[in-house]
Amino acid sequence: MNWKRALLTDSGGFQMVSLLHLADITEKGVTFQSPVDGKRMLLTPEESIQIQNKIGADIIMALDDVVKTTTIGPRVEEAMYRTLRWIDRCLAAHQKPAVQNLFGIVQGGLDPVLRDICLRGLVERNLPGYAIGGLSGGEDKDSFWRVVAQCTAALPEDKPRYVMGVGYPLDIVVCSALGADMYDCVYPTRTARFGTALIPEGVLKLKHKVMASDERPIDPTCSCMVCKNYTRAYIHCLVTKDAMGSQLLSYHNLSYMMRLSRDLHTSIVEGRFPQFVQGFLRAQFPKGDVPKWVCNAMEVAGIDISACCAPLTSSQN
């Protein structure tokens, strides 16, 4: 397999963040060092589009200059302006605009001024959709939601808004409340490899010894093949000894995410999204200990979650 093709993400874009330690970024493009044989090769914005044109994805991503959100200083500004210059090269190289939707990626780190410059530059190019990039890189949650809120508020409402690298159920619900439409993340399958299942209450760690005698399904409310046919005890036995356990948990976790997405979408269409958010938070935080960053985000989104939160004590005040 061409190693450059192996960098492609599910969306059609290129996975760079996890390989930054193997890459040199210049105006020409990104020079990667193969983690397999050490061979160096250059990926330009033009070639990234050419590869995605050949693959034929419905949505393809512009090559961007991405830095971790914990990065500070002039490198963040440099990357943001380079991302804007590269989008023009990607647009010029795009051979199938009628059938493949090229998304631009908003960069700028945690700097609201740089984010605003980047998103305004992308909106001026009237792209089919827009991605919010550079998040989920170690930043605190309060900074995370504020960047999402800033971008979704300024991006066109009639174009898809895609938050890259976000996959935690709580993050998806919060970002949806702020106006985001699309997400991608390896979290559901990655956490399955560690023996963890996603459930309405949060997570269930199947490797824990207490699971060894639990004859219930992973989630009694789930109708997936795994929950219909296997007990927690059986999967506990597998995840400590056999790869099949991770496969079963991956199946369940993907089923959970599909159900969450479907229920979220349906609640929006039917005009009861605030009630959906409230029910989700009650299941996740039955004691009312909803994180402060979630409360702040919901206030900006205009969703009242006061009934989901425990009243503050005098010491907390």
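Data block above holds the structure.
Residues numbered from 1 in each chain as written. Predicted model: local features only at pLDDT ≥ 70, side-chain atom pairs only at ≥ 80, totals over all residues. Heavy atoms only, no water.

Engineer: Mind showing me how you'd approach the packing of aromatic side chains here?
Structural biologist: Summed over all chains, the structure comprises 5 aromatic pairs. Ring centres of F144 and W293 lie 6.4 Å apart, and the angle between their planes is 80 degrees; on these two criteria the pair is classed as edge-to-face. You can see F144 sitting in helix α5 (residues 141-154) and its partner W293 sitting in helix α12 (residues 292-301), a full 149 residues away along the chain. The exposure class of F144 is buried, given its relative accessible area of 2%. Given a relative accessible area of 11%, W293 falls into the buried group. Pairing Y230 with Y234 gives two aromatic rings, centres 5.4 Å apart and planes at 15 degrees, and the pair type is stacked. Overall, the relative accessible area of 41% leaves Y234 in the partly exposed class. An aromatic cluster is present here, built from F273, F276 and F280 joined pairwise through their rings. K141 extends its terminal NZ or CZ atom over the ring of F144, reaching a point 5.0 Å from the ring centre. (Phe/Tyr/Trp six-rings, centres within 6.5 Å; stacked < 30°, edge-to-face > 60°. Helix = DSSP H or I, 4+ residues; strand = E, 2+ residues; numbered from the N terminus. Buried < 20%, exposed > 50% of the residue type's maximum accessible area, 1.4 Å probe, protein only. Lys NZ or Arg CZ within 6 Å of the ring centre and 35° of its normal.)

Engineer: When you look at the sheet that holds strand β7 (residues 161-163) in this model, what are you seeing that I'm missing?
Structural biologist: Across the sheet, 5 strands lie side by side as β4-β5-β6-β7-β8; this open sheet has parallel pairing. Among the strands making up the open sheet, the edge pair consists of β4 (59-61) and β8 (182-183). The pairing of strand β6 (residues 129-132) with β7 spans 3 bridges and is classified as parallel. Looking at the pairing, A131 lines up with Y162 of β7. Most of the contacts of helix α4 (residues 112-124) go to strand β5 (residues 101-106), to which it runs at about 160 degrees, and overall it touches β5 and β6. (Pairing = 2+ DSSP bridges. Contact = heavy atoms within 4.5 Å. Axes fitted to C-alpha atoms, helices over the stretch in contact; angles between N-to-C directions.)

Engineer: Help me out: how do you make sense of the pairing of strand β10 (residues 202-205) in this one?
Structural biologist: Note on strand geometry: in a regular strand, side chains alternate between the two faces of the sheet. Here strand β9 (residues 196-199) runs beside β10; their pairing, made up of 4 bridges, is antiparallel. Residue pairing in the sheet places I199 in a bridge with G202 of β10. In textbook terms, the turn of a hairpin is the stretch between consecutive antiparallel strands, and for β9 and β10 this stretch comprises 2 residues.

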